[in-house]
Amino acid sequence: LIERQRKILQLLETSGPPLHRLLGRLTQRHDVVSDLLQELFLRLWNSEAFDKARNPSAYAYRAAINLAFEWRRKQQTACQALEQNCRSMNNSSALEKMIQAEELQQVLNATSRLNNLARDVVVMRYIEQHSYEKIGEWLGKKPQHIRSVCAKAMAQLREFLKDNNW
Amino acid sequence: MPEIDEKEIERRFKAISQFELEPEITIRDLKRTRESLTGQISKQQARTKKIWRTIMKSPLTKLATAAVIVIGTMIVIHYFTGSFDGSSIALGQVIEDVNGIIENMKRMPWVVKTYREPQGVTLEEWFCFEREYWIAKTPAGAVVSYNYAEGRKYDYNPDANSITIASLHKGDSSYSSFSSPRAILESLYELVMNKSTKPQTKISRERSRYKGMDVEILKIAFSTNERKYRTDLFIDTKRKVLIRELCNITDSSGKTVLNYEEEFNYPEKGPADIYALGVPRTANVIDKTDVTLAKRTEDPTLVALDITLPKPMFAGTPQDNRVENLEKPLGKPRPPFLAPAGTKNVALGKPVSSSDEEPIIGQLDMITDGDKEAPDGSYVELGPFPQQVTIDLGAIHKIYAVVVWHYHKQPRVYFDVVVQVTDDKYFITNVKTLFNNDIDNSAGLGAGKDLHYIETNEGKLIDAKGVKARYVRLYSNGNINNDLNHYIEVEVYGKPVE
């Protein structure tokens with residue numbers, strides 16, 4: 001138990017900030033990130049699979065992606081616009097902000113429709129901007145495979161977004 | 001709207017990736033998570049220290065631990081070194097004193113020991129040597145008692161609000177390592193002797209006052225290869241009994257392994273039974289004693305299945321008038337299900353396939369991973385319309401029961417629940433239906449006459465009557481809340497066919 005405790009708290013120290021940021025990016029909501037981060041680490045603490053994970057950081061990363069999209073799925077109402085903490089939008093007008101936020105929600109919603117592997121790969125590649133090699137290492141697959149998953153996912157995303165191009 | 005090509009998608013992803021949170025928000029959230037995690041860990045640590053395991057099996061937290069350490073240490077010193085620190089007290093006197101202390105404690109009508117760790121872990125134990133009775137309570141409200149005179153163990157689980165009564169077999173390690181409360185002392189004596197191989201022991205004694213009493217404090221320090229032990233024993237000089245112990249154990253690097261305080265009190269009266277320690281009278285009683293089970297069945301080879309239930313997420317079993325053909329709630333825990341000895345969950349860890357190979361939430365292997373708890377992260381969500389999951393037991397088994405938990409966070413009813421078994425992986429031949437509540441044949445597997453039921457933490461137990469099969473398939477078709485299908489866990493109780 002002590003060893004597990006050390007492991008989970010160490011993970012919080014080292015991977016907590018990037019996981020926190022990732023949850024923010026995938027939800028685009030600063031007001032829910034705190035709860036999601038807590039939920040994530042409590043899940044990890046209670047997960048037997050986490051104990052067996054070869055790479056705890058990678059496992060936590062995938063769990064965070066899963067959790068964020070699970071949260072998105074539960075959101076029945078329209079997602080809110082980007083909040084004040086989104087620095088990238090600070091210079092935009094209110095209308096521009098709304099349009100941009102809508103666009104981002106569309107692509108995130110489309111991503112949530114991908115299968116788990118494709119979704120994880122897309123998030124790691126395009127949002128977290130990791131290399132194919134790094135993603136392959138985390139997911140236990142070859143970089144070529146990741147590249148292929150990315151290409152197929154992108155094609156699927158285009159289809160999804162075409163369907164919903166309002 | 002711009003044309004949504006690959007570049008546009010990448011542009012949007014890039015915008016998403018530029019979302020940053022203020023550093024102070026990150027620091028705040030990390031702090032909250034750390035606190036939340038620490039709270040959870042402490043809670044789990046408290047639970048992990050199951051009283052019966054901690055107290056009855058660990059040599060460090062038993063009654064009069066410290067007193068026995070003294071004897072054990074002294075004897076070891078005598079055997080291995082023949083001497084001890086020059087500033088310490090006379091060996092013979094200490095042994096004599098401690099022997100007397102233990103005998104005095106045994107003569108007390110009741111001994112209450114309260115164990116505390118700085119992290120907040122507390123345990124309360126009551127001993128009655130005359131009645132051969134021991135009872136303990138954790139902060140979480142769990143109560144366990146060993147009545148050696150009656151040969152019974154009582155175990156109250158506050159989460160399930162149930163009391164399990166089991167037979168207490170002397171010498172049976174599954175119930176107790178000891179045959180009586182007195183045996184705890186004797187056993188400790190041996191344990192400490194065996195463990196202390198190279199002591200560098202120092203003992204001193206001093207007079208003091210504690211809680212208005214004159215006390216003598218025996219300060220003992222000794223080492224083994226891996227540990228350093230320090231313990232202070234507070235002896236009530238009037239009654240000659242132990243009233244307090246402070247203990248600190250460190251590893252070879254000086255890091256604290258265990259740090260605790262124990263207080264001993266000697267009341268005239270103690271709890272008559274587990275109800276006296278706060279167990280509600282309304283708690284459900286599950287009697288698993290040998291006598292009761294033997295009466296319950298004419299076949300003595302049958303035993304009650306040991307089905308561990310997850311934590312309930314709502315109280316009682318509500319009725320739902322929207323669903324026709326609904327099973328009336330039992331209003332009490334499900335009675336034990338009897339099956340031949342050796343029957344176990346043969347689905348644990350077995351591969352699962354499904355009509356929906358890409359679940360919306362979770363993974364299919366979660367259905368047989370042993371996690372039956374209701375919170376998010378424990379369930380698999382399959383798509384709408386009729387869906388099935390199939391468990392491959394790997395070989396033909398004689399199946400006595402199938403227990404399924406769809407989703408028990410809310411009192412839901414799942415529709416068209418059908419459970420089939422076969423030895424044919426294509427489910428074409430030898431298919432036997434164990435349960436079917438699809439009253440209008442909407443799933444197309446034939447109309448069933450079984451009742452709808454409300455999901456609870458008990459899961460649905462389906463009597464398989466010893467059918468022989470390798471594959472178990474479970475269908476469902478949405479629930480009263482939505483069109484989706486969920487599974488938390490499926491257990492298949494059986495035995496391999498010889």
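This text gives an overview of the structure that appears in the document. (Residues numbered from 1 in each chain as written. Chains lettered and ligands numbered in written order. Predicted model: local features only at pLDDT ≥ 70, side-chain atom pairs only at ≥ 80, totals over all residues. Heavy atoms only, no water.)

**A short note on the overall build of chain A**
Here is step 1 of the chain: For chain A, the helix and strand inventory stands at 8 helices and 0 strands.
Here is step 2 of the chain: Taken from N to C terminus, the helices and strands of chain A fall in the order α-α-α-α-α-α-α-α.
Here is step 3 of the chain: Considering chain A as a whole, with its 166 residues, one finds that 50% of them fall into the buried category.
Here is step 4 of the chain: For chain A, the share of sequence-separated contacts (at least 6 apart) that also reach a separation of at least 24 residues comes to 67%.
Here is step 5 of the chain: Carbon together with sulfur atoms contributes 48% to the accessible area of chain A, which is approximately 8,000 Å² in total. (Helix = DSSP H or I, 4+ residues; strand = E, 2+ residues; numbered from the N terminus. Buried < 20%, exposed > 50% of the residue type's maximum accessible area, 1.4 Å probe, protein only. Contact = heavy atoms within 4.5 Å. Areas by Shrake-Rupley, 256 points an atom, 1.4 Å probe, with all protein chains shown as cover.)

**Observations concerning the interface of chain A and chain B**
Here is step 1 of the chain: At the junction of the two partners, chain A supplies 54 residues and chain B supplies 48 residues.
Here is step 2 of the chain: Summed over both sides, the interface of chain A with chain B buries roughly 4,700 Å², with 60% coming from carbon and sulfur.
Here is step 3 of the chain: Here chain A and chain B share 1 salt bridge between them.
Here is step 4 of the chain: Here Arg-34 of chain B makes a salt bridge to Glu-13 of chain A, at a shortest N to O gap of 2.9 Å.
Here is step 5 of the chain: Inspection of the chain A/chain B interface yields 8 residue pairs in polar contact (both at pLDDT 80 or more).
Here is step 6 of the chain: Among the elements that line the side of chain A that touches chain B, the one with the most residues is helix α1 (residues 2-27) of chain A, at 13 residues. (Buried area = accessible area lost by both parts, 1.4 Å probe. Salt bridge = Lys/Arg side-chain N within 4 Å of Asp/Glu carboxyl O. Polar contact = N/O pair within 3.5 Å; in protein donor to acceptor, adjacent residues only side chain to side chain.)

**A short note on the pairing of strand β11 (residues 256-265) of chain B**
All names here are of chain B.
Here is step 1 of the chain: In terms of strand pairing, strand β1 (residues 111-116) meets β11 through 5 bridges, oriented antiparallel. When the sheet's bridge partners are listed, Tyr-115 is paired in β11 with Glu-262.
Here is step 2 of the chain: Two elements, strand β10 (residues 241-251) and β11, share 7 bridges in a ladder whose sense is antiparallel. Looking across to β11, one finds that Asn-248 is bridged to Asn-259.
Here is step 3 of the chain: With antiparallel pairing between neighbouring strands as the criterion, β10 and β11 make up a hairpin whose turn holds 4 residues, including Gly-254 at a positive phi of roughly 90 degrees. (Pairing = 2+ DSSP bridges.)

**Describing unusual backbone geometry**
Negative phi characterises most residues that are not glycine, and trans characterises most peptide bonds.
Residues and elements named next belong to chain B.
Here is step 1 of the chain: Even without a glycine there, the phi angle at Phe-385 is positive, about 70 degrees.
Here is step 2 of the chain: Relative to the helices and strands, Phe-385 resides in the loop between β17 (380-382) and β18 (387-405).
Here is step 3 of the chain: Notably, Phe-427 is not glycine yet its phi reads approximately 55 degrees, a positive angle.
Here is step 4 of the chain: Within the fold, Phe-427 resides in the loop between β19 (418-422) and β20 (432-436).

**A short note on the packing of helix α6 (residues 116-127) of chain A against helix α7 (residues 132-139) of chain A**
All names here are of chain A.
Here is step 1 of the chain: For the pair α6 and α7, the least separation of the axes is 10 Å and the interaxial angle reads 140 degrees. In terms of axis orientation, α6 runs oblique to α7. α7 is crossed by α6, and the crossing has right-handed handedness. Along its contact with α6, which presents Leu-117, Val-121, Met-124 and Arg-125, the element α7 presents Tyr-132, Ile-135, Trp-138 and Leu-139. (Axes fitted to C-alpha atoms, helices over the stretch in contact; angles between N-to-C directions. Parallel < 35°, antiparallel > 145°, perpendicular 65-115°, else oblique. Left-handed = near helix turned anticlockwise from the far one by under 90°.)

**Brief notes about the nonpolar core**
Here is step 1 of the chain: In terms of nonpolar packing, the biggest core is built from 58 residues, with Leu-26, Phe-41 and Leu-157 of chain A together with Phe-13 of chain B touching the most fellow members.
Here is step 2 of the chain: Here this core takes 9 residues from helix α4 (residues 56-74) of chain A, the largest share from any one element.
Here is step 3 of the chain: Excluding its chain neighbours within four sequence positions, the residues that come into contact with Phe-41 of chain A are Ile-8, Leu-11, Leu-12, Gly-16 and Leu-19 of chain A together with Thr-33 and Leu-37 of chain B.
Here is step 4 of the chain: One finds Tyr-379, Tyr-407, Tyr-487 and Ile-488 of chain B within the second-largest nonpolar core, a separate group that totals 45 residues. (Core = buried A, V, L, I, M, F, W, Y, C linked by side-chain atoms within 4.5 Å.)

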